[in-house]
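Summary of the model geometry
Below are the chains, spelled out letter by letter.
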Amino acid sequence: MFAIPLGDGAELRPLEPWQAEEFLAHMDRARDLVDEHIKLADAVTDPVSARALLTSYAEKQAADTGRIYGIWLDSTLVGGVLFRVFDAAAGTCEVGCWLEPAATGRGLVTRAARVLIDWAVRERGIHRVEWQVSSANTASVKVARRLGMTRDGVLRESYPHRGVRQNTEIWSVLASEWRERAGTAG
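The following refers to the structure shown. (Residues numbered from 1 in each chain as written. Predicted model: local features only at pLDDT ≥ 70, side-chain atom pairs only at ≥ 80, totals over all residues. Heavy atoms only, no water.)

Regarding the overall build of the chain
The test is simple: Note on conventions: DSSP H or I runs of at least 4 residues are helices, E runs of at least 2 residues are strands, and numbering of each starts at the N terminus. Restricting the calculation to C-alpha atoms gives the radius of gyration, and the globule rule supplies 2.2 Å times the number of residues raised to the power 0.38. Relative accessibility thresholds used throughout: buried, under 20% of the residue-type maximum; exposed, over 50%; partly exposed, between the two (1.4 Å probe, protein chains only). All accessible-area figures derive from a Shrake-Rupley calculation using a 1.4 Å probe, and residue coverage is judged against the displayed protein chains alone.
Looking only at helices and strands, the chain has 6 helices and 8 strands in total. Starting at the N terminus and ending at the C terminus, the chain contains elements arranged as β-β-α-α-α-β-β-β-α-β-α-β-β-α. For the chain, the C-alpha radius of gyration of 16 Å lies close to 16 Å, the compact-globule estimate for 186 residues. When the 186 residues of the chain are sorted by exposure, 45% land in the buried category. Accessible surface computed for the chain: about 9100 Å², of which carbon and sulfur atoms make up 52%.

So, in structure tokens, the structure goes:
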């Protein structure tokens, strides 16, 4: 297995079905924060559902349509990033994230998302990377800004979450913009 150092004792690693128990324990710590904005917490409630979610991403990875990675801080799983959607043929993908409260405010998601975006653009030739976020999720909106993304627009009241219709902001970065910000044209 590989691990990519993120600095400050953190690293990015694949999150795989055999880690279901660790993923569930992490999600139990993260549940209240994650549940505020996304349905991931609802999908991971016991060992069977944790394994099922990780297995679905293993299948997505095998089909080249998605991937999931964990963020470990001092050897404890504290969050993650993923390609929720990955379409190499169309040259588009969507990156997402989650984090438990003890790990917030350290820049971990921003650093991990940079790794994913850089890989998607440089290794896979992805042209457009999207970040979809509830307008109410100010922390995630700030990550999109730190990543140098542009807000393309808002899908007003596009989905219900916890009985309230949420606005979805669509943020993106194009490969040419990503390379330019990184100081390389290639």
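A short note on the pairing of strand β4 (residues 76-87)
Convention followed: Here a strand pair is declared whenever DSSP counts at least two bridges between the two strands.
Where strand β3 (residues 67-73) and β4 come together, 7 bridges link them in antiparallel fashion. Looking at β4, one finds that Leu73 is bridged to Thr76. The pairing of β4 with strand β5 (residues 92-99) spans 8 bridges and is classified as antiparallel. Bridge pairing in β5 links Phe86 to Cys93. The turn linking β4 back onto β5 is made up of 4 residues, and Gly91 within it adopts a positive phi angle of 75°.

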